[in-house]
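Residue-level listing of the chains:
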Amino acid sequence: MGLSYNVYLNSNRIYGCKNCKTHLSNHEDILSRNFRGQHGKAYLFNTVVNISEAEPVERNMTTGRHVVRDISCRQCNEIVGWKYDKAYEASEGYKEGKFILEAELLVNVR
């Protein structure tokens, strides 16, 4: 597999892992702030970097059944949210391939 290097983002506002401050996403990549996670407020992001993805699992969520996978900070292995792989409801299809990061697990790096 080789070495994996962290991606360093260049933006006015960068969200990082609360535990180790590794860059995860830019403020500009937020698609919605109207989400809730296990720890409270959460954001839907278009792209996220420096993460590891767990195996996909089916979960019943507030908006219906989805196939999701937990995402962890690649640096410290702290779970920071999840990725939507599949939405069974047509109206929820916009989430597929997108990421949820929980506000409580994030820190403003810049």
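This is a predicted model, so every value here is computed, not measured.

Procedures and definitions
Chains are numbered independently. Their residues run from 1 in the order of the written sequence. Local features in this predicted model are restricted to residues of pLDDT 70 or higher, and side-chain atom pairs are both shown and tallied only at a pLDDT of 80 or more, whereas totals for entire chains, interfaces and linings draw on every residue. Note that the side-chain values use all heavy atoms of the structure and ignore hydrogens as well as water. UniProt positions are given in the numbering used here, feature names are shortened, and annotations may be inferred rather than shown by experiment. Each helix is a run of DSSP H or I of at least 4 residues and each strand a run of E of at least 2, with the numbering of both proceeding from the N terminus. One requirement defines pairing of two strands: DSSP has to find at least two bridges between them. To get an axis, a line is fitted to the C-alpha atoms, and for a helix only the part in contact is used. The angle between two axes follows their N-to-C directions and goes from 0 to 180 degrees. Here a pair means two rings of Phe, Tyr or Trp (six-membered ring of Trp) with centres within 6.5 Å. Their orientation is stacked below 30 degrees between planes, edge-to-face above 60, and tilted elsewhere. Here's how the labels work: a residue is buried when its accessible area is under 20% of the maximum for its type, exposed when over 50%, partly exposed in between, all with a 1.4 Å probe on protein chains only. Any Lys or Arg side-chain nitrogen located within 4 Å of an Asp or Glu carboxyl oxygen qualifies as a salt bridge.

**Thoughts on the UniProt feature "domain: Yippee" (unreviewed entry) in the protein chain**
Move 1: Feature annotation in UniProt places "domain: Yippee" (unreviewed entry) on residues 13–110, given in this structure's numbering.
Move 2: The span residues 13–110 carries 0% helix and 57% strand; its end-to-end C-alpha distance comes to 5 Å.

**Quick word on the sheet that holds strand E1 (residues 14–17)**
Move 1: Read across the open sheet, the three strands follow the order E2-E1-E10; overall the sheet is antiparallel. Lying at the two open borders of the sheet, with one neighbouring strand each, are strand E2 (23–26) and strand E10 (106–108). Mean inter-strand twist for the sheet, computed between neighbouring axes without regard to direction, equals 35°.

**Quick look at the packing of aromatic side chains**
Move 1: Overall, the coordinates contain four aromatic pairs when judged by the stated rule.
Move 2: Summarising the aromatic geometry, the rings of Tyr-15 and Tyr-43 are spaced 6.2 Å apart at their centres and angled 45° between planes, so their arrangement reads as tilted. Highlighted residues: Tyr-15 in strand E1 and Tyr-43 in strand E4 (residues 40–45), separated in sequence by 28 residues. Comparing Tyr-15 with Tyr-43, the two get one shared label, buried.
Move 3: Taking the centre distance of 5.8 Å and the plane angle of 75° together, the rings of Tyr-15 and Phe-45 count as edge-to-face. Taken together, the residues span a long stretch of sequence, with Tyr-15 in strand E1 and Phe-45 in strand E4 at a distance of 30 residues.
Move 4: Residue Tyr-15 is classed as buried on the basis of its relative accessible area, which comes to 6%.
Move 5: Take Phe-45: its relative accessible area is 0%, and that puts it in the buried class.
Move 6: Among the aromatic residues, ring-to-ring pairing joins Tyr-15, Tyr-43 and Phe-45 into one connected group.

**Focus on the pattern of salt bridges**
Move 1: Taken as a whole and judged by the stated rule, the model has seven salt bridges.
Move 2: Between Glu-104 and Lys-18 there is a salt bridge whose closest N-O contact spans 3.1 Å. Placement of Glu-104 in the loop between strand E9 (99–102) and E10 and of Lys-18 in the loop between E1 and E2 is noted, with a sequence separation of 86 residues between them.
Move 3: Overall, the relative accessible area of 42% leaves Glu-104 in the partly exposed class.
Move 4: Residues Glu-53 and Arg-69 are paired through a salt bridge, measuring 3.7 Å at the closest nitrogen-oxygen approach. With a gap of 16 residues between them, Glu-53 in strand E5 (residues 51–53) and Arg-69 in strand E7 (residues 64–73) connect regions that are remote in the sequence.
Move 5: When its relative accessible area of 18% is taken as the criterion, Arg-69 is described as buried.
Move 6: Because the salt bridges share partners, they merge into one network encompassing Glu-53, Arg-69, Lys-83 and Asp-85.

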